Amino acid sequence: MSTWLLVWIIASGVSFAVLCIFLASMGSQVLQLTRAARRFQVEVGGLAADISRGSRRASERVSSLPTPGKGRSA
């Protein structure tokens, strides 16, 4: 075998190993991010629903208030 061929094989193997380690690390980060997002949704979801209900109630109250008449003068 030629020396250059051996160098290319070793360099390719090292590059492939580094790529595999990088991809495994990225997969781990994706799993960690999905767990954090799920936990955030569980912890904040109830509060967001309460705020949404309160906002809806306030909007309904405002829409049920009588609007000032056009013919009235101050």
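Residues numbered from 1 in each chain as written. Predicted model: local features only at pLDDT ≥ 70, side-chain atom pairs only at ≥ 80, totals over all residues. Heavy atoms only, no water.

> Explain the overall build of the protein chain here, please?
Across its full length, the protein chain carries one helix and zero strands. For the protein chain, whose C-alpha radius of gyration is 31 Å, the value lies well above the compact-globule estimate of 11 Å for 74 residues. By its C-alpha atoms, the protein chain is 100 × 30 × 15 Å across when sized along the principal axes. A total of 74 residues make up the protein chain; the buried ones form 0% of that total. For the protein chain, the exposed area adds up to about 7,000 Å²; of that, 67% sits on carbon and sulfur atoms. (Helix = DSSP H or I, 4+ residues; strand = E, 2+ residues; numbered from the N terminus. Rg over C-alpha atoms; globule rule 2.2 N^0.38 Å. Buried < 20%, exposed > 50% of the residue type's maximum accessible area, 1.4 Å probe, protein only. Areas by Shrake-Rupley, 256 points an atom, 1.4 Å probe, with all protein chains shown as cover.)

> Got a minute to help me understand the pattern of salt bridges in this structure?
Proximity of charged atoms lets side chains of opposite charge pair with each other. A complete count under the given rule lists one salt bridge for this structure. With a shortest N-O distance of 2.2 Å, Asp50 and Arg53 are connected by a salt bridge. In this pair, Asp50 and Arg53 both sit in helix α1 (residues 3–64), three residues apart, roughly one turn of the helix. (Salt bridge = Lys/Arg side-chain N within 4 Å of Asp/Glu carboxyl O.)

> What exactly am I supposed to notice about the environment of Trp4 here?
Position of Trp4 among the secondary structure elements: in helix α1. A residue is classified by how much of its surface remains accessible, and Trp4, at 65% relative accessible area, is exposed. Considering only alpha carbons, one finds Trp4 and Ser15, 11 residues apart in sequence, at a separation of 16 Å.

> How do you make sense of α1 when you look at a structure like this?
Residues that lie three or four places apart on an α-helix share one face, since the helix turns once every 3.6 residues. Between its first and last C-alpha, α1 extends 86 Å over 62 residues, near the 92 Å set by a 1.5 Å rise per residue. Along α1, the helix axis deviates most sharply at Val44, where the bend reaches about 40 degrees. (Expected span 1.5 Å × (residues − 1). Bend = angle between axes of the 7 residues up to and from the residue.)

> I'm lost on a nonpolar patch on the surface in this one. Help?
A contiguous nonpolar surface patch, about 710 Å² in accessible area, is contributed by Met1, Leu5, Leu6, Ile9, Ile10, Val14 and Val18. Its location among the elements puts Val14 in helix α1. (Patch = residues over 30% accessible without salt bridge, like charges linked within 9 Å, V, L, I, M, F, W, Y side chains within 5 Å.)

> I'm lost on the environment of Val62 in this one. Help?
Along the chain, Val62 turns up in helix α1. The exposure class assigned to Val62 is exposed, which follows from its relative accessible area of 58%. When the C-alpha atoms of Val62 and Leu47 are compared, they prove to be 23 Å apart, with 15 residues separating the residues in sequence.

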